[in-house]
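Coordinate analysis (summary)
If you want the building blocks of each chain, they are given just below.
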Amino acid sequence: MCYIWAEEMKNTIRDEGMLIFFILVPILYPILYSWIYDNEVVREVPVAVVDNSHGSMSREFIRLFDASPDTRVAYHCNSIEEAKDLTARQEVRGVIYIPSDFQEKINRLEQGHVSVYCDMSLMLTYKAILQSATAVSGQMGTEIQTRLAGKYTSHEEEVAAKPLDFDEVPIFNTTGGYGNFIIPGVLMLIIQQTLLLGIGLSAGTAREKNKYKELIPISRHYNGIIRIVLGKSMCYLMIYALIAAYITLIVPRMFGFVSLVHAADLAMFLLPYIVACIFFGMMLSCLVRYRENVILLVVFLSPALLFMSGVSWPASNIPGLWKSISWLFPSTFGVQGFVSMNTGGALLSDVMPQYICLCLQTCVYFVITCFVYKFQ
């Protein structure tokens, strides 16, 4: 088994493609993703304003809206059509429309209206515009209600304007940033996908050269399917033990993302995850006829696996068929467990269902891999 491990390590070092997918991509790809999402939240979203009221209240609304850190009044337009044209050219991401009777209605003790039009092609900008407009309208509404209440003390005015107060305390993802939300799941998916790429590349190379015997020693002393499978997997595990530690422990701290993980529990969790990914990749290697095939297969699967993991879309709302399909991939349980441990500070005992599933996948994929290699 150690002889197989040494031979596979030599093949890995000699193959530039495997070195790229095993070393270079896992090191640089997490940095690239984390750097892209380093700003966490969208700031200063450009918005066009159509103010047909031209009153003090409408100017106050615009001033407060522009003062928000999330939005910026980039254009003052004379008509809604002019604002729509700016939105179509992507110069602004939304439009604030204040009708001509805005202040008049408020002075008559009627309800005033402000229309918010948002570009829905990007949800982050839509969220920033809508939340800023809602916060400004709530603040101005409170001030108007306080003036009309006729109370004598500041405490009475506060109670009249907000009888039921609350404190919003975000937990885990305290910044509310997109990086803290998506990066943990992406990091675990990178581990699986680069493993599949490297293992598939090795199998494709062997098939292209038609040198199966180079993968299996001719000497009877080293023959045996289990020895071959375990020897090759030892090579991959040794490499990815270091790569996984770098991706899960160092990268989040480099960019200041939330990292509440306990190293000992993480090591216990990553062991079955990496081994399950290795056996899964070795099992799928029987489908790779040429080196390029594995790249197409893995790139095609990556977005679907991220969605099915339950990170970018709630797992409770995923259809039953696709949820069942997602259980075939180690990334599903790996992403769910790591997100809980990294972002929520969960211990290994808290993610025991995912841990058990990864152990079961390791056993099942090991048996299937042995049959696949024996057939080859």
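So, here's what we can say about the structure.

Basis of the calculations
Residues numbered from 1 in each chain as written. Predicted model: local features only at pLDDT ≥ 70, side-chain atom pairs only at ≥ 80, totals over all residues. Heavy atoms only, no water. Buried < 20%, exposed > 50% of the residue type's maximum accessible area, 1.4 Å probe, protein only. Helix = DSSP H or I, 4+ residues; strand = E, 2+ residues; numbered from the N terminus. Pairing = 2+ DSSP bridges. Right-handed = clockwise from strand over helix to strand, strands pointing away. Phe/Tyr/Trp six-rings, centres within 6.5 Å; stacked < 30°, edge-to-face > 60°. Axes fitted to C-alpha atoms, helices over the stretch in contact; angles between N-to-C directions. Contact = heavy atoms within 4.5 Å.

1. What to know about the pairing of strand β1 (residues 45–51)
Burial analysis of β1 places seven of its seven residues in the buried class, the great majority of the element. Burial along β1 is two-sided: the face carrying Val45, Val47, Val49 and Asp51 and the face carrying Pro46, Ala48 and Val50 are both buried. Sheet analysis places β1 next to strand β2 (residues 71–77), joined by six bridges and oriented parallel. The residue of β2 that forms the bridge with Pro46 is Arg72. Handedness of the crossover joining β1 and β2 through helix α3 (residues 56–67): right-handed.

2. Description of the packing of aromatic side chains
Evaluated as defined, the whole model comprises seven aromatic pairs. An angle of 80° between the planes, with centres 5.6 Å apart, marks the rings of Phe22 and Tyr240 as edge-to-face. Highlighted residues: Phe22 in helix α2 (residues 16–36) and Tyr240 in helix α10 (residues 225–254), separated in sequence by 218 residues. Each member of the pair, Phe22 as well as Tyr240, is classed as buried. A ring pair is formed by Phe279 and Phe366, whose centres lie 5.2 Å apart and whose planes are at 55°; its orientation type is tilted. Here the residue Phe279 occupies a position in helix α11 (residues 263–284), and Phe366 occupies one in helix α15 (residues 352–375), the gap between them amounting to 87 residues. Three or more aromatic residues joined by ring pairs make a cluster, and in this case those are Phe22, Tyr236 and Tyr240.

3. A short note on the sheet that holds strand β4 (residues 115–118)
An order of β2-β1-β3-β4 is seen for the four strands of this open sheet, with the pairing classed as mixed. Looking at strand neighbours, the two that pair on one side only are β2 and β4, the edges of this open sheet. In this sheet, adjacent strand axes meet at a mean angle of 25° when their direction is disregarded. Those strands touched by α3 are β1, β2 and β3 (94–98), and its axis lies near 140° from that of β2.

The quantities given are spatial measurements derived from coordinates; they are silent on function.
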